[in-house]
Amino acid sequence: MSAPGTFFHAHEEDPVEAYQNFKFGMWMFLATEVLLFGGLFAAYFIFKYRYHELFVKGSSHLDWRMGSLNTLVLLISSYTMAMAVDAAQRSENQKLIRNLLLTLLFAATFLVVKGFEWIPKFNHGIYPGTDIYFSIYFLTTGLHLLHVLIGMFFIGLLAVRANKGRYNSENFGGVEVGGLYWHLVDIIWIFLFPLLYLVGSV
Amino acid sequence: MSEHKMGHLQEPSTYLRILIYLFVLTIVTVAASKVHFGWEFLNVIVALVIAAFKASLVIRFFMHGKYENGETWAFIVYPIVLLVTLVGFLFLDYGFRPKDKYVVTPVAFDDQAHGEHGSSHNSTETHGEPTNDHAAAETPAETHGDSSDVANAEPAGESHAEAPAEAAANALPGDAAKGLEKAKILCIACHKVDGAGNELPGAPPFAETMANPEKTPEYLRKWLKNPAEVKPGTIMPNLGLSDSDIENLIAYLATIKN
């Protein structure tokens with residue numbers, strides 16, 4: 001009954017149970033992710049008020065328009081991911097593949113915009129370690145970027161598997177769990193964006 | 001394996017509706033950040049509240065959290081509770097600590113303190129030794145919490161007594177080329193440097209400042225050392241410049257004058 005090539009195979013679990021456990025495992029992992037970034041948010045607040053003028057100076061180097069653009073890009077990618085899960089649930093394979101590829105495209109757009117933000121900073125001699133503001137900035141956005149890359153890898157994997165006809169209304173746990181991860185990447189950015197780009201200096 | 005147990009179907013239009021809400025909330029976030037609420041923490045709190053609301057939309061609709069069971073919600077709620085507690089107590093500390101107990105440099109809270117707390121700053125700032133060449137003032141990190149470093153601005157009356165030394169003070173030992181280089185890194189976010197960069201509303205163009213005969217090198221030295229000493233409540237931050245950086249910047253600024 002269980003889908004070949006997934007974790008469940010070895011256990012011969014009931015597919016519904018396997019599906020639910022798979023999702024629950026992802027939710028538990030996401031809780032640890034929230035705490036990981038939570039520590040960084042706490043560091044952000046501590047240093048923000050401790051070295052306020054560095055935050056005023058540092059955040060004046062960020063362009064809120066770039067941050068807003070990337071926020072919208074990630075929100076759209078979350079939407080296409082949700083539509084991918086929906087398509088899988090309805091056994092609409094072409095739509096599933098199309099939405100996964102769109103999600104990948106928006107993720108790549110996010111990377112390009114990030115590049116346009118980071119590279120001029122490097123050219124201006126601004127690096128992680130330039131001061132505490134930029135250490136926090138590069139650490140939080142960098143760790144987020146790493147999540148984007150990991151998410152892109154899994155979405156790519158889903159697209160390949162979808163192309164082989166793996167997913168349907170009876171078996172879409174993989175897509176849904178990948179979606180959960182991708183939405184978390186979006187949620188982290190929903191918080192990072194205002195903290196870094198909008199209220200970094202207040 | 002009824003469909004009921006294998007996840008829930010939502011109307012596809014729901015996803016689009018949520019996306020539109022998220023867009024609108026993003027615009028609201030940006031707009032709210034441009035408003036001055038008086039109490040500056042409010043800007044941060046508003047931003048966080050809107051972000052939390054956006055996140056809840058993503059969780060409930062995009063992530064199908066609406067349909068999840070209690071165990072899953074326990075794992076959604078517990079990290080959030082921990083986080084809100086952590087950040088909340090940080091705010092309680094920073095937001096309600098008496099202003100003169102801050103361990104930060106004056107500039108940080110002059111924005112909000114303005115008139116009412118200005119006097120308490122002065123009392124802590126001026127009783128230190130009135131030396132200008134305090135080597136420890138190299139980096140901003142080192143100036144924090146050490147009240148003697150903040151004291152490099154002399155008590156107001158003293159600067160007039162220096163008339164004979166003024167000529168020497170106005171000599172420019174700095175390297176203008178190095179100053180330009182620094183300015184391109186440090187000032188460009190708020191002042192145009194060499195025609196490039198941003199002009200923050202309220203930040204005067206360098207040419208305008210240098211056309212003003214009152215802005216002597218001696219004045220600029222004090223200004224760049226710590227703008228808030230000269231003008232409490234100014235937006236220009238203390239950039240933590242070293243003495244040699246300051247000399248180079250002043251030499252560069254002097255080239256603009258001509």
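For every chain, the first residue of its written sequence is number 1, and the numbers climb from 1 along that sequence. Whichever chain is written first is A, and whichever ligand is written first is 1; the rest continue in order. Per-residue local features are limited, in this predicted model, to residues with pLDDT of at least 70; the limit for side-chain atom pairs, both in listing and counting, is 80 or more; totals at the level of whole chains, interfaces and linings are taken over all residues. Where side-chain values are given, they derive from all heavy atoms of the structure, hydrogens and water being excluded.

### Notes on the overall build of chain B
Worth spelling out the cut-off: Secondary structure elements are taken from DSSP: a helix is a run of H or I of four residues or more, a strand is a run of E of two residues or more, and numbering for both begins at the N terminus. Two residues form a contact once any of their heavy atoms are found within 4.5 Å. Under the convention used here, a 1.4 Å probe and the Shrake-Rupley method define accessible areas, while residue burial counts only the protein chains that appear.
Across its full length, chain B holds 11 helices and 0 strands. Along its sequence from the N terminus, chain B presents helices and strands in the succession α-α-α-α-α-α-α-α-α-α-α. Long-range pairs, those at least 24 residues apart, make up 58% of the contacts in chain B with a sequence separation of at least 6. Looking at chain B as shown, the accessible area adds up to about 13400 Å², and 63% of this sits on carbon and sulfur atoms.

### Some remarks on the nonpolar core
Using the following cut-off: Note on terminology: a nonpolar core comprises buried Ala, Val, Leu, Ile, Met, Phe, Trp, Tyr and Cys residues joined through side-chain atoms within 4.5 Å. To sort residues, take the accessible area from a 1.4 Å probe on protein chains only and compare it with the maximum for the residue type: under 20% means buried, over 50% means exposed, and anything in between is partly exposed.
If you look at the biggest cluster of nonpolar residues, it comprises 95 residues, and the most contacted ones within it are A:F45, A:L96, A:L100, A:Y137 and B:F62. Secondary structure elements with two or more residues in this core: α1 (15–50), α3 (64–89), α4 (93–123), α5 (132–163) and α6 (173–198) of chain A together with α1 (12–34), α2 (41–62) and α3 (70–96) of chain B. At 18 residues, α6(A) tops the list of elements feeding residues into this core. Counting 18 residues, the second largest nonpolar core, distinct from the first, contains B:L186, B:W223, B:Y252 and B:L253.

### Some thoughts on a nonpolar patch on the surface
Our working rule: Residues qualify for a patch when their relative accessible area is over 30% and they have no salt bridge, like charges being joined within 9 Å and the nonpolar side chains of Val, Leu, Ile, Met, Phe, Trp and Tyr within 5 Å. Whenever a carboxyl oxygen of Asp or Glu lies within 4 Å of a side-chain nitrogen of Lys or Arg, that contact is scored as a salt bridge.
Side chains of B:V35, B:F37, B:W39, B:L42, B:F89, B:L92 and B:F96 sit close together on the surface and give an oily, nonpolar patch of about 680 Å² of accessible area. Positionally, B:F89 belongs in helix α3.

### Side note on the packing of aromatic side chains
Put simply, the rule reads: Note on aromatic contacts: the rings of Phe and Tyr and the six-membered ring of Trp form a pair at centre separations within 6.5 Å, being stacked when their planes are under 30 degrees apart, edge-to-face when over 60 apart, and tilted otherwise.
The tally for this structure, following the rule as stated, stands at 30 aromatic pairs over all chains. Ring geometry for A:F24 and B:F75: centres 5.4 Å apart, planes at 85°, overall edge-to-face. Placement of A:F24 in helix α1 and of B:F75 in helix α3 is noted, with the two residues assigned to different chains. Ring plane angle 85° and centroid distance 5.1 Å describe the contact between A:Y133 and A:F134, whose orientation is recorded as edge-to-face. Across the pair, exposure class does not vary: A:Y133 and A:F134 are buried alike.

### Some words on the confidence of the model for chain B
Residues and elements named next belong to chain B. Note the cut-off: pLDDT expresses how confident the predictor is about each individual residue, on a scale running from 0 to 100.
Taken residue by residue, chain B gives an average pLDDT of 74. The fraction at 70 or more is 68%. For chain B, helix α4 (residues 106–126) is the element with the lowest average pLDDT, namely 37, and α1 is the one with the highest, namely 95. Confidence drops under a pLDDT of 50 for residues 100–169, and excluding neighbours within four residues, the segment shows 91 contacts in the predicted structure. Here the complex is predicted with pTM 0.63, and the ipTM for its interfaces comes to 0.93.

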